[in-house]
Amino acid sequence: MSGLSFPLSELEYFLLILMRIASFVYVAPFFSTKGVPNNVKIALSVFISYIVYNFGPEHVYPQYDTFIAYCVVVLKEVTVGLLVGLAAQMCTSIVLFAGRIMDMEIGLSMASVLDPLTNEQSTVTGVLLQYGTMLILYTTGFHRYLLQALMETFTLIPINAININTDKLLTNLVTFLTSYVSIGFRICLPIFASITLMNVVLGLLAKLAPQMNMFSVGIQLKLLAGLTVLLITVVMLPDVCTFISTQTRQLIVSVVEGLM
């Protein structure tokens, strides 16, 4: 038998750290991918919690008297982890929004597929852009930034020290949603502009040569032009990733400020 012993307060403190980190891993990009086994996610959460417990900020033990009070503290830590992870997830989903607009213009909106990352129906271009964006962000070490930001929340928001500023959170969310639409439109602007120009040309041809079936011709021309523009503008994907990473940092900072 092992003679290992530790105070009960230390175990409770470790579990509170685990709740915040496990909630973050559950919703954050990279870590919440459906293809990652749940056992790996649990092991990763425990491992990161152990690092924060030993090498994180000085332990500040929360004060509670009953089991219900401890459950309230747990809910507070889950809230912090979910909000920080959701902020990162919302930023990385911008490319899916842009991909849906692209496919509507090209004519591929009916060819939707099941995205294993989000477990929902997504368009072909949206999935292509998302996988490309996630790959670039991963190679640039963006996942390390997310972990670093999560660890810094224990310094800025100690255990049981959350103070939700509803007005500030709602203001930051509305501001981000406004930027969400503008960023998504900027990503799909080359295809949107080229297809709009082609629609104008097809409309003129329909007036000049009404005997031609512009509907069947237009579908093929839109698909060809859309894929060509997409192939040309795919080199802009690193710039898109830079913009998304900047927005993610700003949104995470805004969320943490709203919880302090």
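Up top you'll find the structure we're talking about.
Residues numbered from 1 in each chain as written. Predicted model: local features only at pLDDT ≥ 70, side-chain atom pairs only at ≥ 80, totals over all residues. Heavy atoms only, no water.

**Some words on the packing of helix 7 (residues 166-208) against helix 9 (residues 237-259)**
The condition that has to hold: Angles shown run from 0 to 180 degrees and are taken between the N-to-C directions of axes, each axis being a line fitted to C-alpha atoms and, for helices, limited to the stretch in contact. Working definition: helices are DSSP H or I runs of at least four residues, strands are E runs of at least two. Numbering for both runs from the N terminus. Angle categories: roughly parallel below 35 degrees, roughly antiparallel above 145, roughly perpendicular from 65 to 115, and oblique for all the rest. We call two residues in contact when some of their heavy atoms are within 4.5 Å. Residue classes follow a fixed rule: Ala, Val, Leu, Ile, Met, Phe, Trp, Tyr, Cys and Pro count as nonpolar, while Asp, Glu, Lys and Arg count as charged, and any other residue, Gly among them, counts as polar.
Two elements in contact, helix 7 and helix 9, have axes whose closest approach is 10 Å; the angle formed by their N-to-C orientations is 170°. Judged on the interaxial angle alone, helix 9 and helix 7 are roughly antiparallel. Contacts between helix 7 and helix 9 involve K168, L169, N172, F176, S179, I183, R186 and I187 on the former and, on the latter, V240, F243, Q247, L251, S254, V255, E257, G258 and L259. Counted by class, the contact of helix 7 with helix 9 contains nine nonpolar, five polar and three charged residues.

**Description of the nonpolar core**
Convention followed: By nonpolar core is meant a set of buried Ala, Val, Leu, Ile, Met, Phe, Trp, Tyr and Cys residues that side-chain atoms within 4.5 Å join together. Buried, partly exposed and exposed residues are distinguished by accessible area as a fraction of the type maximum, computed with a 1.4 Å probe on protein chains only: under 20%, between the cut-offs, and over 50%, respectively.
Grouped together as the largest cluster of nonpolar side chains are 58 residues, with contacts concentrated most on I17, I21, F24, L146, I187 and I252. In terms of residue count, the dominant contributor to this core is helix 9 (nine residues). Aside from chain neighbours lying at most four places away, what touches I187 is I94, V95, A98, M102 and V240.

**Concerning the packing of aromatic side chains**
Worth spelling out the cut-off: Each Phe, Tyr or Trp ring, with Trp reduced to its six-membered ring, pairs with another whose centre is within 6.5 Å; inter-plane angles below 30 degrees give stacked pairs, above 60 give edge-to-face pairs, and intermediate values give tilted ones.
If you walk through the whole model with that rule in mind, you get four aromatic pairs. A centroid spacing of 6.3 Å and a plane angle of 50° characterise the contact between Y13 and Y53, whose relative ring orientation is tilted. Here Y13, found in helix 1 (residues 8-27), pairs with Y53, found in helix 2 (residues 38-55); they are 40 residues apart in sequence, far enough to count as distant. There is no split in this pair, since Y13 and Y53 are both buried. By the ring-pair criterion, three or more aromatic residues cluster together here, those being Y13, F14 and Y53.

**Some points on helix 5 (residues 124-139)**
Which entries qualify depends on this criterion: To estimate how far a helix should extend, the number of its residues minus one is multiplied by 1.5 Å.
Taking 1.5 Å per residue, 16 residues should reach 22 Å; helix 5 reaches 23 Å between its end C-alpha atoms and fits that length. Residue G141 follows helix 5 closely and has a positive phi angle near 80°.

**What about the side chain of H143?**
Tracing the chain through its elements places H143 in helix 6 (residues 142-156). H143 sits in the buried class, given a relative accessible area of 15%. If we skip the residues at most four places from it in the chain, H143 touches F30, F31 and Y138.

**Notes on the side chain of R20**
Relative to the helices and strands, R20 resides in helix 1. R20 sits in the buried class, given a relative accessible area of 0%. With near-sequence residues (within four places) excluded, R20 lies in contact with E77, V80, G81, L150, T153, F154, I157, P158 and I159.

**Some thoughts on helix 2**
The α-helix advances 3.6 residues per turn, and as a result positions three or four apart in sequence lie on the same side. The condition that has to hold: The arc in question is formed by the directions pointing from the helix axis toward the C-beta atoms.
Here helix 2 spans 26 Å end to end across 18 residues, near enough to the 26 Å set by a 1.5 Å rise per residue. Among all positions of helix 2, only K41, S45, I48, S49, V52 and Y53 are buried. Seen along its axis, helix 2 keeps its buried residues to an arc of 140°; they face one direction. Looking at helix 2, the residues exposed on the side facing more than 90 degrees away from the buried face are N39, F47 and F55. Against helix 1 and helix 6 lie the buried residues of helix 2.

Distances and angles like these do not, on their own, reveal function.
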